[in-house]
Structure formats: structure tokens, C-alpha cells
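This is what each chain is made of:
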Amino acid sequence: MDYTISEELFQALAGEIETLKKERKAIILAHYYQRPEVQDIADFVGDSLQLSQQAAKTDAEVIVFCGVHFMAESAAILSPDKIVILPELNAGCPMADMVDAEGLRAYKKKVPGVQVVCYVNSSAEVKAESDICCTSSNAVKVVQSLQGEDILFIPDENLGRYAAKILDRPLQFWPGYCKTHDRLSKEDISKAREAHPLAKVIVHPECREDICQEADYIGSTAGLITYAQNSENKEFIVGTESGILHRLHQVCPDKEFYLASERLVCPNMKSTTLVKVRDALIALSPRVTVKEEIRVRAKEALDRMLAL
Ligand code: 13P
Ligand code: SF4
């Protein structure tokens, strides 16, 4: 059991949450990077794209988002008539904070006509200034859907470079990156390969380019899970946030997974606990809302992505 609380406490909190969830007509969505026990009480666990698709189609009255702020904000943008709750309001994403609407407006002024592809790891204000959103699982498809020369990819430079390389297409990049994936070094990969010579190296495209070059497979969290499931290989070195190991062990109980570095832990993703989920369901707070004028414009960029 990889829970960060005792089995006894898990059972007690899970029971309380189940009752409250029914009372509140709530759905609990969780990202693969969440604590194992949080993933296990969720109605749906997925990658960023799957989570926004769930948020867009749910008929629940309350969405409890176990993830980081931009994910809950996307749910509020897509489902304005729902109450969207982020159990830990301080769960932000440092990468999303690396671009702001003012800076983006200044760039667009400098390069008139530039089309902006915005990774969902961004604020609602930034999405509102963008042409189309993408996630790590559809970035290539989204860029491919655009005509024209001037395309700016924000805020993740690594994901942008990955898409540009696959499509062999020049893109403009914003100097943003994920502080968690950036901790992974080439040395970590070679050490892991030495210790596990039969393992395949699977990494997230938020990793730096020099790390992606070392990988046998690059994909979103859902992509990495599907790859491991379908692979004949029995061992994998995993280059993404530690939370994914929980699902990998669940769906591939006969396979071995080694985290490429112990430092692959996102503190923001880990700040949601079962106690906070329970308390949030009781108080129906902290809520995430988006100003209507921003929401409508941000939704256009998200809808264009979802339509693909
Ligand atoms: P995906 O689950 O879409 O691969 O996103 C990774 C991530 O870093 C979310 O913060
Ligand atoms: Fe942001 Fe990286 Fe944490 Fe994802 S893992 S929430 S991109 S800091």
C-alpha cells in the first residue's frame, strides 16, 4: 500500500467523503499526480485533457478538483453553472505563473498576427488572450491544425519544442518550464539505466530536450500509462511526477516501475489531502470562479481544442 496515511484513517475519511459526496451531488476529479489515497476516492482519475472533458460533460452540481489551480479554473470555465472546489487553494502551478496576460499582450503587439497555442497549464486570463489551448496529449495535433507562419507556444518551452520537432515546423517559444520535471538530469537517467538495463525509459514532454532524447517513449500521463500497459516489456524507468506510479502499479501489477529520480515530486500536486477534500465538501469551499468576461474568451480557446 503506497498511501501516505494509515489504512484505518483512509477507511474513515473515505466513508465520510462518500456520504458528503452524495449529499452535495458532487463528483471528485483527480489528476494522476495526486496522492495515492486521493486518487482512490476519486470518481475519475485522468490526465489534463481527460479531466477537462469530464468537467465539461458532468451533470453533478459540484466538482471537487483534486489537482492544481489551473485545472479547477478550466472546469469553472467549461461548466459555469457548477460549483467548482479546489480543496487546497494554494495548489498552484509554477509553470502557469511564468506567463501573464500583460506579457502576452505585449508579445502579440510586437508580432502582429501571431497565433498563440496555450498549454492548459496557464491562467484563465492567459487563455483568454490565446487562440487555442492544448494539453500534453494533443499539443502536436493542435499545432498541426494551424495554418500560417507565426505560431507562439506558451508557456512550456519543452512541450513546444517537442511538438515543433515532431512536426518539423518552426515555432516561437515562451521561456516557461515545469520546476518538477526540470529536476530530472541526464545523470539520473544513465544511473537508472545502469541499475535496470532491461527497462524502457518513458518520460513526459515537460522534461528538458536532452532528457527526451534519451527516452524510448514520450507521452502525457495517460499516454505513458497506455504505453506501459501495451508494452511487452516488464520494466520501466519513469520520468514524470511520482504520483503516476500508483496508477501504473494498479494497471500493470506484473510489471516493475522505477522513478527516474526521487526529486520528481510536485509539492503543489501533493498539497491536497483527504482531510482537505472532506473539509471542502462540508464547507463547499474554497471555490474557484472566473470573471464572466474572461471566462467567455478563455472558453473559446478551450472549445477549439476540445472540438479537435
Ligand atoms: P498531463 O496529465 O496532461 O500529462 O499533464 C501533466 C502536468 O504536468 C499537469 O500539471
Ligand atoms: Fe505545474 Fe509541473 Fe506541478 Fe504539473 S508537475 S502542476 S506542470 S509544476
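Structure report, in brief. Since we're looking at a predicted model, the values are computed, not measured.

1. Digging into the packing of aromatic side chains
According to the stated counting rule, one finds five aromatic pairs in the structure shown. Here Y217 and Y227 contribute two aromatic rings whose centre-to-centre distance is 4.4 Å and whose plane-to-plane angle is 5 degrees, an arrangement assigned as stacked. Of the two residues, Y217 sits in strand β10 (residues 217-218) while Y227 sits in helix α11 (residues 221-230), which places them ten residues apart along the sequence. Three or more aromatic residues link up through ring pairs in this structure, and these residues are Y217, Y227, F236 and F257.

2. Looking at the side chain of T180
Inspection of the secondary structure puts T180 in the loop between β8 (172-173) and α9 (186-195). Setting aside residues up to four positions removed in sequence, T180 forms contacts with E241, R263, L264, V265, C266 and P267.

3. Thoughts on the packing of helix α3 (residues 48-57) against helix α4 (residues 69-78)
In a pair of packed helices, the angle between the axes and the distance between the axes together describe the arrangement. It is the contact of α3 with α4, at a shortest axis distance of 8 Å, that shows an interaxial angle of 35 degrees. Here α3 runs over α4; the crossing is right-handed. Residues S48, L51, S52, A55 and A56 of α3 touch α4, and the partners they reach there are M71, A75 and L78. Residue composition of the contact of α3 with α4, by class: six nonpolar, two polar and no charged.

4. Some thoughts on the site of ligand 1
Around ligand 1 sit 14 residues in total, of which H31, S136, H204, E206 and T221 are the nearest. Between ligand 1 and H31, the relevant distance is 2.6 Å, taken from an oxygen atom to a side-chain nitrogen or oxygen of the residue. Between an oxygen atom of ligand 1 and a side-chain N or O atom of T221, the distance comes to 2.6 Å.

5. Section: the sheet that holds strand β1 (residues 26-31)
Overall, parallel pairing links the four strands, which are arranged β2-β1-β3-β4 in an open sheet. The open sheet has two edge strands, β2 (44-46) and β4 (83-85), and neither has a second partner. For this sheet, the mean inter-axis angle between neighbouring strands, taken without regard to orientation, is 20 degrees. Strand direction decides the pairing type here: strand β3 (residues 62-66) and β4, joined by three bridges, are parallel. Looking at β4, one finds that I63 is bridged to V84. Relative to the sheet, α4 contacts β1, β3 and β4, its axis offset from that of β3 by approximately 160 degrees.

6. Some words on the nonpolar core
Ranked by internal contacts, the top residues of the largest apolar core, which has 103 residues, are I28 and V117. For this core, the element with the most residues is α4, which contributes seven residues. When neighbours within four sequence positions are excluded, V117 is seen to be in contact with I132, C134, V142, V143, L146, I151, L152, F153 and I154. Residues Y107, V111, V116 and C118 belong to the second largest nonpolar core, which totals eleven residues.

7. Focus on helix α14 (residues 292-307)
Under the 1.5 Å per step criterion, the end-to-end length of α14 is 22 Å for 16 residues, consistent within 8% with the ideal 22 Å. Within the sequence span of α14, burial applies to I294, R295, A298, A301, L302 and M305. Residues of α14 that are buried in the fold lie against α3, α4, α6 (124-128), β6 (132-134) and α7 (139-144).

8. Observations concerning the pairing of strand β5 (residues 115-119)
Of all five residues in β5, four are buried; the element is thus mostly enclosed. One ladder, built from four bridges, connects β5 with strand β7 (residues 151-154); its direction is parallel. Paired with V117 across the bridge in β7 is F153. In terms of strand pairing, β5 meets β6 through three bridges, oriented parallel. The residue of β6 that forms the bridge with C118 is C133.

9. Considering the pattern of salt bridges
As enumerated under the stated definition, the model contains 22 salt bridges in all. Notably, a salt bridge pairs R278 with E16, separated by 3.3 Å at the nearest N-O pair. On the criterion of sequence distance, the pair formed by R278 in helix α13 (residues 274-283) and E16 in helix α1 (residues 7-24) is long-range, its members being 262 residues apart. Of the charged contacts in the structure, one is a salt bridge between R297 and E293, with a shortest N-O distance of 3.7 Å. Of this pair, R297 and E293 both sit in helix α14, four residues apart, which is roughly one turn of that helix. It is possible to trace a salt-bridge network through shared partners that takes in R105, K108, E129, E293 and R297.

10. A few points about the sheet that holds β7
Taken in spatial order, the four strands of this open sheet run β6-β5-β7-β8, and their pairing is parallel. The open sheet terminates on both sides in strands that have one partner only, identified here as β6 and β8. The sheet contact formed by β7 and β8 spans two bridges and is parallel. Bridging across to β8, F153 finds its partner in F173. Where helix α5 (residues 101-110) meets the sheet, its contacts fall on β5, β7 and β8, and the angle it forms with β7 comes to roughly 165 degrees.

Analysis parameters
Residues numbered from 1 in each chain as written. Chains lettered and ligands numbered in written order. Predicted model: local features only at pLDDT ≥ 70, side-chain atom pairs only at ≥ 80, totals over all residues. Heavy atoms only, no water. Phe/Tyr/Trp six-rings, centres within 6.5 Å; stacked < 30°, edge-to-face > 60°. Helix = DSSP H or I, 4+ residues; strand = E, 2+ residues; numbered from the N terminus. Contact = heavy atoms within 4.5 Å. Axes fitted to C-alpha atoms, helices over the stretch in contact; angles between N-to-C directions. Left-handed = near helix turned anticlockwise from the far one by under 90°. Nonpolar A, V, L, I, M, F, W, Y, C, P; charged D, E, K, R; others polar. Near = heavy atom within 4 Å. Polar contact = N/O pair within 3.5 Å; in protein donor to acceptor, adjacent residues only side chain to side chain. Pairing = 2+ DSSP bridges. Core = buried A, V, L, I, M, F, W, Y, C linked by side-chain atoms within 4.5 Å. Buried < 20%, exposed > 50% of the residue type's maximum accessible area, 1.4 Å probe, protein only. Expected span 1.5 Å × (residues − 1). Salt bridge = Lys/Arg side-chain N within 4 Å of Asp/Glu carboxyl O.

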